[in-house]
Amino acid sequence: MSALQLFPLECLPSINAASQVNGKVWKLNAHMDRLYASMALARVESPMSREEMCRIIVDMCAACPTRRSGSIRYWVTAGPCDFSFSPGSTPSFYAVLFA
């Protein structure tokens, strides 16, 4: 049995990363282009608009004003990744800043 057979498919994400440099997100539009391309290949619908995702990422970085540089990871899953196997899950967006 492979690891993928044990992992809920709804939790396999479309992942991207960006950098926070001098308090700003480096090339966020290019990173979002890649995220949306990955979501299209995985046939995962966006849980919110591109603008909302960008706003969440920018606001998250702004909420940590003492850290001017960091690494940002964000991803979209086909479901909430609560490890329940319930049908009809909706896509979810997650973002983390490592400052």
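Here is what the cut-offs are and how they apply
Residues numbered from 1 in each chain as written. Predicted model: local features only at pLDDT ≥ 70, side-chain atom pairs only at ≥ 80, totals over all residues. Heavy atoms only, no water. Helix = DSSP H or I, 4+ residues; strand = E, 2+ residues; numbered from the N terminus. Buried < 20%, exposed > 50% of the residue type's maximum accessible area, 1.4 Å probe, protein only. Phe/Tyr/Trp six-rings, centres within 6.5 Å; stacked < 30°, edge-to-face > 60°. Polar contact = N/O pair within 3.5 Å; in protein donor to acceptor, adjacent residues only side chain to side chain. Contact = heavy atoms within 4.5 Å.

Some details on the environment of M53
(1) Moving on: You can see M53 is positioned in helix 3 (residues 50-62).
(2) Moving on: By relative accessible area, M53 is classed as buried at 0%.
(3) Moving on: Separated by 21 residues in sequence, M53 and M32 have C-alpha atoms that sit 8.7 Å apart.

Notes on the packing of aromatic side chains
(1) Moving on: Enumeration according to the criterion identifies 1 aromatic pair in this entry.
(2) Moving on: Relative to Y94, the ring of W75 has its centre 5.7 Å away and its plane inclined at 20°; by these criteria the two rings are stacked. Here the residue W75 occupies a position in strand 3 (residues 70-77), and Y94 occupies one in strand 4 (residues 92-98), the gap between them amounting to 19 residues.

Some words on the side chain of H31
(1) Moving on: Locating H31 in the fold gives a position in helix 2 (residues 28-42).
(2) Moving on: We classify H31 as buried; its relative accessible area is 11%.
(3) Moving on: Among the polar contacts made by the side chain of H31, one reaches the main-chain carbonyl oxygen of A17 at a distance of 2.9 Å.
(4) Moving on: Excluding residues within four positions of it along the chain, H31 makes contact with N16, A17, A18, W26 and Y74.

The quantities given are spatial measurements derived from coordinates; they are silent on function.
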